[in-house]
Amino acid sequence: MDLKELNQIRETALAEASGAADAAALEAVRIKYLGRNGLLPEVMAQLKEVPNEKKPAFGKGANQLKQELGALIKERQGELASGTKKGEAFDSSLPGQWPALGSEHPISKVTARITEIFQTLGFTVADGPDVETVWNNFDALNTPADHPSRDEQDTFYLENGDLLRCHTSPVQVRYMEAHKPPVRIIAPGRCYRRDTPDATHSANFHQVEGLYVAENVSMADLKGTLSYFAKQFLGEDVKIRFRPHFFPFTEPSFEVDFFFEVGGKSRWIEILGAGMVDPEVFKKVGYDPDKVTGFAFGMGIERLAMIMYGIKDIRMLYENDVRFLSQF
Ligand code: PHE
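About the criteria used
- Residues numbered from 1 in each chain as written.
- Predicted model: local features only at pLDDT ≥ 70, side-chain atom pairs only at ≥ 80, totals over all residues.
- Heavy atoms only, no water.
- Disulfide = S-S within 2.5 Å.
- Buried < 20%, exposed > 50% of the residue type's maximum accessible area, 1.4 Å probe, protein only.
- Patch = residues over 30% accessible without salt bridge, like charges linked within 9 Å, V, L, I, M, F, W, Y side chains within 5 Å.
- Areas by Shrake-Rupley, 256 points an atom, 1.4 Å probe, with all protein chains shown as cover.
- Salt bridge = Lys/Arg side-chain N within 4 Å of Asp/Glu carboxyl O.
- Lys, Arg positive; Asp, Glu negative; His and termini not counted.
- Charge placed at Lys NZ, Arg CZ, Asp CG, Glu CD.
- Near = heavy atom within 4 Å.
- Polar contact = N/O pair within 3.5 Å; in protein donor to acceptor, adjacent residues only side chain to side chain.
- Helix = DSSP H or I, 4+ residues; strand = E, 2+ residues; numbered from the N terminus.
- Phe/Tyr/Trp six-rings, centres within 6.5 Å; stacked < 30°, edge-to-face > 60°.
- Lys NZ or Arg CZ within 6 Å of the ring centre and 35° of its normal.
- Contact = heavy atoms within 4.5 Å.

Attention now moves to the state of the cysteines. Inspection of the entire model under this criterion finds zero disulfides. Lacking any disulfide linkage, C166 is separated from the closest cysteine sulfur, that of C191, by 7.7 Å. With relative accessibility at 0%, the residue C191 sits in the buried group.

What follows covers a negative patch on the surface. Where like charges cluster on the molecular surface, the negative patch consists of D151, E152, D154, D195 and D198. Residue classification places D154 among the partly exposed positions, given a relative accessible area of 34%.

The immediate surroundings of the ligand are formed by 14 residues, with H167, S169, R193, Q207 and E209 found nearest. The contact in question runs from an oxygen atom of the ligand to an N or O atom on the side chain of R193, over 3.0 Å. Residue Q207 places a side-chain N or O atom 3.0 Å away from an oxygen atom belonging to the ligand. Isolated, the ligand exposes 320 Å² of accessible area, and the fraction of that covered by the protein chains is 90%. At the level of elements, β5 (204–214), β8 (265–277) and β9 (293–300) are the ones that each hand at least two residues to the shell around the ligand. Sorting elements by how many residues they give to the shell around the ligand places β9 first, with three residues.

Below, the discussion takes up the packing of aromatic side chains. Tallied over the entire structure, the rule returns 14 aromatic pairs. Judged by centre distance (5.2 Å) and plane angle (25°), the rings of F229 and F233 are stacked. Of the two residues, F229 and F233 are both situated in helix α8 (residues 219–234); the distance of four residues between them amounts to about one turn of the helix. Since its relative accessible area comes to 0%, F229 is described here as buried. Ring pairs connect the aromatic residues F118, F123, Y212, F229, F233, F258, F295 and F297, which therefore count as one cluster. Positioned over the ring face of F242 is K223, at 5.3 Å from the centre of the ring.

Here the focus is the environment of V262. Along the chain, V262 turns up in strand β7 (residues 250–262). Overall, the relative accessible area of 19% leaves V262 in the buried class. With 202 residues separating them in the primary sequence, V262 and K60 have C-alpha atoms 89 Å apart. Ignoring any residue separated from it by four or fewer positions in sequence, one finds V262 in contact with R267, I269 and I307.

Nothing here speaks to function; it is all geometry.
Spelled out as structure tokens, the structure:
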């Protein structure tokens, strides 16, 4: 036997090992070559017949084959057990896997649109925490201690005496306490009330607050700003009307309705609360009510989203059902 023959054995042995279709066939190959009475021990036995000068090369080749074949058989055993072939687990012809993209939540969409419109009027976005002090949420907003909204039945109080804000109006207080007039802000955010959840109530919801304070800000500015907003938001045909109302922190106060088409029919729909900032609020935040005037407004986002998208139950906005959310 010479090196050439050894090479032939090597080629067939490796081909048989890589071609083995299952574990049994592979084991047969192993026994055929590496088994006690296999071909390789036989080759080794013939070593003594190889001429001396060729012995080292032949012996080396035989040993290499033994190791190579052993390693290949081991690898094939693994492949056959796992069902994937080494180097072939990646099929470049398969279409790529795209990460599932979420969709923008209707609340976020409506909030973004409102924000965008007021930004074109020079309003900047302000922010405040969900956990507020009683001062910011009520006292500074001129809301007397016996006001029904301060009742534990309506507001979530924390053990330390703070509360979960029941509207975004405390951002007005925070902002005015930290900035000199003029101020022109909107403040979108989450609010909390102790409402029993049903189709139109949720214990947490969202508002966008607006505040404009400067010298000589008037009711006309409030009306102009809100009607500009209404037209941008709902189209040129929208009409708005102010109904007298009461809020402790504005005087006079209004509820503002928009007249627009919903489900093929135009009707008046209450959209927001608004008014001229009460001089008492200016005093509490350190502004001089003889020097500045201002208007404020606050609107509920859920209601707007429900009207715009025809959502019948507010709870759908919080269930995070992708079949629902992916429609927006
Ligand atoms: N904070 C009021 C509410 O939650 C809305 C409002 C804001 C009214 C600003 C007037 C001025 O109902």
